[in-house]
Every structure is written in C-alpha cells, then in structure tokens.
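These are the residues of each chain, in order.
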Amino acid sequence: MEAAKGPISSREASSEPAPIYDCWNLIGVEGNATCRELVKYIHCRNCPVYSAASLQLLDRPLPPEYRRERAAHYAQQKQVTQPARLSVVIFRLAHEWLALPTTTFVEVAERRAMHTLPHRRRGLAMGLVNVRGELLICASLARLLGMEQTTAATIKSTTHFERLLVANWEGQRIAYPVNEVHGIQRFHQEELKDPPATVGKSTLTYTRGVFGWQERTVGLLDAEALFGALNRRLS
C-alpha cells in the first residue's frame, strides 16, 4: 500500500520560483568575505553554489506578462530613419551657390600664383598652378557655366577670400577657383528638386537639381557632365 504523502506546502502549490540565495552578496566576495569556502574556491564564481544559482535563474519560469510585452514590442512598426545619402561640397561662384559630390574633391587650397598659358586666354584653361609640387591645369568653371562677367564683378567687390578647389575625376586632377567654400553638407535624395526656369541655359545643362540650405538655393552640378565637358574643352 502506497504511503500517504505529506501536505503540499503553499510554495509547492504555487508557480512562484524558489528564491535564490545570493550568498555571494552576503558572505562572499561582494559581501563581508566570511564564507569558509572562499579558502577553497578563491572566488564565488568558482563555487558550485554560485553555478547552481545561475542555473536556477536561467531555468525560472517566464513572468506572466513577459510574452505579451515582447510580442507587443516586436509587433510595433519599425521606424526607419533615412540616411543622408548625398554628401556634397558647397561653394560659391559670384552670387550662385553650387555643389558637387564630395568624392570628386581632393582638397581645398588657398588661391595661389598662376602661370599663364600662351594663346589660351579666352579658353577654359586659365593657366597652371602649383599644388603640393604638382602643376595642375586651373580651369574656369565660371566660363563653362556662362558666369564669367558676373564672377569678375563679384571678385572686385567681395570681402571673402578666394579658394582653389582641386578635383579628381577619373584619375585626372584639375583645379578651379571659386569665391567662397562653405564645406561639406549632407542631404536626402528626396530633397533634390528640379531647377527653376530662371536658371541660365549653360548652368542648367550641368545641373542635376537644387536643394535648400540655410535659406538659400544650392544648385547640385552633374559631376559626370561637368567634368566630361571640361576634359573635352581642355583637350
């Protein structure tokens, strides 16, 4: 005949896990270090009591609300933040603010002495400049964009220092002067709008679109079309 079982305790009848005896916080290394087992195990993490408590913690039943909270968390629609895809360098020619992709540039240098080229005064090639010991063709971007007269007038009246932008396109390095360089700016592709009808025909040919920046309108130039035309006109 099977022996009668003793009364079931209230803890056994409930689903609550047994409390974890955290002796390491009391008499162990995190406590007063009076545990006799420290002589043998040196540190609580080497003690089987600590290991048994870890297993008990990992094997404990999930809280009643855990599944619901996790399900609600992962059911939320993911908020995707659009990265700033386009990185450009913003510069000014005369009164026009323009931009080109950052990847096209090598450096921004101060305006320096230029060695003129014979029989090239009205072409795009303004002369040769020495940039870090290398002679580079200095081209007039203003002439290509049909802004030469406006740029010349602005150079005489502006208080900004002029800069020399050095670009590298398909292995060919070229420099061209600008009136001012702001620096690098990033914006989303969706911010790019069609250029207005007031944009000059020459500039419109090499413009991908415009975007807003500091209450100004900046024209994003098409690097492939721009440098392709420069190479053809300079050859």
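Owing to the predicted nature of the structure, the values given are computational and were not obtained by experimental measurement.

## Let's talk about the pairing of strand 8 (residues 172-178)
Okay, so step 1: By the criterion of burial, strand 8 is predominantly enclosed, with five of the seven residues buried.
Okay, so step 2: Hairpin remark: strand 7 (residues 163-169) followed by strand 8, antiparallel, with two residues in the connecting loop; positive phi at Glu 170, about 55°.

## A few points about the pattern of salt bridges
Okay, so step 1: Tallied over the entire structure, the rule returns five salt bridges.
Okay, so step 2: The closest approach of N and O atoms between Glu 65 and Arg 68, which form a salt bridge, is 2.5 Å.
Okay, so step 3: A relative accessible area of 41% means that Glu 65 is categorised as partly exposed.
Okay, so step 4: The partner of Glu 107 in a salt bridge is Arg 132, and the shortest N-O contact between them spans 3.0 Å. Linking Glu 107 in strand 3 (residues 105-110) with Arg 132 in the loop between strand 5 (125-131) and strand 6 (134-139), this pair joins segments that are 25 residues apart in sequence.
Okay, so step 5: Look at Glu 107 and you get buried, because its relative accessible area is 16%.
Okay, so step 6: With relative accessibility at 71%, the residue Arg 132 sits in the exposed group.

## Some remarks on the side chain of Thr 207
Okay, so step 1: Following the sequence through the fold, Thr 207 ends up in strand 10 (residues 207-213).
Okay, so step 2: For Thr 207, a relative accessible area of 13% translates into the label buried.
Okay, so step 3: When neighbours within four sequence positions are excluded, Thr 207 is seen to be in contact with Pro 195, Leu 220, Leu 221 and Asp 222.

## Remarks on the packing of aromatic side chains
Okay, so step 1: For the coordinates displayed, the defined rule picks out five aromatic pairs.
Okay, so step 2: When the ring of Trp 24 is compared with that of Tyr 50, the centres are 4.9 Å apart and the planes differ by 75°; the resulting orientation is edge-to-face. Highlighted residues: Trp 24 in the loop between helix 1 (10-13) and helix 2 (38-41) and Tyr 50 in helix 3 (residues 48-58), separated in sequence by 26 residues.

## A short note on the environment of Val 181
Okay, so step 1: Mapped onto the elements, Val 181 comes out in strand 9 (residues 180-187).
Okay, so step 2: Judged by its relative accessible area of 23%, Val 181 falls in the partly exposed class.
Okay, so step 3: As a C-alpha pair, Val 181 and Val 108 span 73 residues in sequence and 8.2 Å in three-dimensional space.
Okay, so step 4: Ignoring any residue separated from it by four or fewer positions in sequence, one finds Val 181 in contact with Val 89, Ile 90, Phe 91, Val 108, Arg 163 and Leu 165.

## Focus on the nonpolar core
Okay, so step 1: In this structure, Phe 91, Leu 100, Leu 141, Leu 145 and Leu 226 are the most contacted members of the largest nonpolar core, which totals 28 residues.
Okay, so step 2: Counting residues per element, the ones that place at least two in this core are strand 1 (86-93), strand 2 (96-101), helix 5 (141-144), strand 7, strand 8 and helix 8 (223-234).
Okay, so step 3: Judged by nonpolar contacts, the second largest core, of eleven residues, contains Val 88, Phe 187, Leu 192 and Phe 211.

## Describing the confidence of the model for the chain
Okay, so step 1: Overall, the prediction assigns the chain a mean pLDDT of 80, with 80% of residues at 70 or greater.
Okay, so step 2: Throughout residues 1-14 the model reports pLDDT below 50, and contacts reaching past four residues in sequence, or to other chains, amount to five contacts.
Okay, so step 3: Note on residues 152-159: pLDDT under 50 across the span, and seven contacts to partners over four residues away in sequence or across chains.

## Observations concerning unusual backbone geometry
Okay, so step 1: Phi is positive for Ala 33, which is not a glycine, with a value near 60°.
Okay, so step 2: If you trace the backbone, Ala 33 turns up in the loop between helix 1 and helix 2.
Okay, so step 3: Even without being glycine, Glu 170 reaches a positive phi, approximately 55°.
Okay, so step 4: Under the relative-accessibility criterion, Glu 170 is labelled exposed at 70%.

## A closer look at the sheet that holds strand 11 (residues 216-221)
Okay, so step 1: Judged by pairing direction, the sheet is mixed, and its five strands sit side by side in the order 9-1-2-11-10 without closing on themselves. Taken across any chain shown, the strands that pair with only one partner, and hence form the sheet edges, are strand 9 and strand 10. Across the sheet, the mean angle separating the axes of adjacent strands is 30° when strand polarity is ignored.
Okay, so step 2: The pairing of strand 1 with strand 2 spans six bridges and is classified as antiparallel. Opposite Arg 92, over in strand 2, you have Trp 97 as the bridge partner.
Okay, so step 3: Those strands touched by helix 8 are strand 2 and strand 11, and its axis lies near 95° from that of strand 2.

## A short note on the side chain of Ser 140
Okay, so step 1: Locating Ser 140 in the fold gives a position in the loop between strand 6 and helix 5.
Okay, so step 2: Within the structure, the side chain of Ser 140 is placed 3.1 Å from the backbone nitrogen of Arg 143, a separation counted as a polar contact.
Okay, so step 3: Excluding residues within four positions of it along the chain, Ser 140 makes contact with Leu 124 and Met 126.

Rules of the game
Residues numbered from 1 in each chain as written. Predicted model: local features only at pLDDT ≥ 70, side-chain atom pairs only at ≥ 80, totals over all residues. Heavy atoms only, no water. Buried < 20%, exposed > 50% of the residue type's maximum accessible area, 1.4 Å probe, protein only. Helix = DSSP H or I, 4+ residues; strand = E, 2+ residues; numbered from the N terminus. Pairing = 2+ DSSP bridges. Salt bridge = Lys/Arg side-chain N within 4 Å of Asp/Glu carboxyl O. Contact = heavy atoms within 4.5 Å. Phe/Tyr/Trp six-rings, centres within 6.5 Å; stacked < 30°, edge-to-face > 60°. Core = buried A, V, L, I, M, F, W, Y, C linked by side-chain atoms within 4.5 Å. pLDDT = per-residue confidence, 0-100. Axes fitted to C-alpha atoms, helices over the stretch in contact; angles between N-to-C directions. Polar contact = N/O pair within 3.5 Å; in protein donor to acceptor, adjacent residues only side chain to side chain.

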